[in-house]
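# What the coordinates show
So you can see what is in the structure, the chains are spelled out below.
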Amino acid sequence: MIKASHSGNPALGIRPFMVVLQSDRLSIETLPDALPFQTLEVEDWEGVFKKLSSFRPGCLLVDFDADRDQLLQQIRGFADQGIRYSVVGVTADRSRRTLHQALRHGFIDLVPHPLESRLLVEAVEDAFQADGAGKDSLCNLRSGFGRLTPKEREVLPQLLLGVTSRRLAGELNVSYQTIDRHKKRVIEKMNVSNMTELAMKLFRQY
């Protein structure tokens, strides 16, 4: 197993949970019995976002060997928007290249396939700790994203880049007052004072 170090504790009294991204080899049915945490299964990345934007610390379990390029592209795509998950991968490939690739993309751990209960539980509990650590935890940031409307999520990347409301309004063919309203609501929902503070939270190194 690999280990990424994290400090802090998930919010007291909130039970974390694991989301399994279903693949040909990985599903709830293929997991060891009697795991000490709640486990949910989703079929796609939309389901991942919905389940892991719920104000509860959690982690994502994925098959690291199934269409790895697409998997890493999806994780990078979310990270580019500031949305990060605490991810544990399952792999039969124990090469150094695989381990480095997982670490580079922010995986908390890789556990060997076939799955052994003790190793899986240790990795998932580390992921829970990482996900719920601190006021600006990954869990809290994702939960903020979960409150945004589709329009607010659409304009957010440009606002984070410093594009002015008038310019963005022209590009989207709406009034600049509309963009200003979106911006104000994003700031409120993400619990920040301004877009600069939000950018610092979203794109800091974890």
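One structure accompanies this document, and this report is about it. (Residues numbered from 1 in each chain as written. Predicted model: local features only at pLDDT ≥ 70, side-chain atom pairs only at ≥ 80, totals over all residues. Heavy atoms only, no water.)

## Details of the layout of surface pockets
Put simply, the test is: Throughout, the protein atoms alone are placed on a 1 Å grid, and a set of points is a cavity if a 1.4 Å probe fits but cannot get out or a pocket if it is open with protein on both sides within 12 Å along at least five of seven lines; lining residues have an atom within 4 Å of a point. Grid points are joined across faces, edges and corners, and a volume is the space filled by probe spheres set on the points. Secondary structure elements follow DSSP: runs of H or I of four or more residues count as helices, runs of E of two or more count as strands, with numbering from the N terminus. Residue polarity follows a fixed list, in which Ala, Val, Leu, Ile, Met, Phe, Trp, Tyr, Cys and Pro are nonpolar, Asp, Glu, Lys and Arg are charged, and the others, Gly among them, are polar.
Roughly 200 Å³ of internal volume is contained in the second largest pocket. Lining of the second largest pocket is provided by Leu 21, Gln 22, Ser 23, Trp 45, Val 62, Asp 63, Ala 66, Asp 67, Gln 70, Leu 71 and Gln 74. Listing elements by their share of the lining of the second largest pocket, those giving two or more residues are strand S3 (58-63) and helix H2 (68-80). Take the lining of the second largest pocket: its biggest share by element is 3 residues, from H2. Split into classes, the residues belonging to the lining of the second largest pocket amount to 5 nonpolar, 4 polar and 2 charged.

## A look at the packing of aromatic side chains
The following threshold applies: Two aromatic rings from Phe, Tyr or Trp, using only the six-membered ring of Trp, form a pair when their centres are within 6.5 Å; if the ring planes differ by under 30 degrees the pair is stacked, by over 60 it is edge-to-face, and anything between is tilted. Partly exposed describes any residue whose relative accessible area lies between the buried limit of under 20% and the exposed limit of over 50%, with all areas from a 1.4 Å probe on protein chains only and scaled to the type maximum. Definition used: whenever NZ (Lys) or CZ (Arg) falls within 6 Å of the ring centre and also within 35 degrees of the ring normal, the charge is taken to sit over that ring.
What the rule picks out here adds up to 5 aromatic pairs. On the basis of an interplanar angle of 40° and a centroid distance of 5.8 Å, the ring pair of Trp 45 and Phe 78 is categorised as tilted. In this pair, Trp 45 sits in helix H1 (residues 45-51) while Phe 78 sits in helix H2, placing the two residues 33 residues apart along the sequence. Accessibility expressed as a relative area gives 14% for Trp 45, which makes it buried. Take Phe 78: its relative accessible area is 12%, and that puts it in the buried class. Cluster of aromatic residues (ring-pair linked, three or more members): Trp 45, Phe 49, Phe 78 and Tyr 85. Positioned over the ring face of Tyr 176 is Arg 166, at 3.8 Å from the centre of the ring.

## Things to note about the state of the cysteines
The cut-off we apply is this: Disulfide assignment relies on a single distance test, namely cysteine sulfur atoms paired within 2.5 Å.
Counted by the stated rule, this structure contains 0 disulfides. The closest cysteine sulfur to the non-disulfide-bonded Cys 59 is located on Cys 139, 12 Å from its own sulfur. Judged by its relative accessible area of 0%, Cys 59 is buried.

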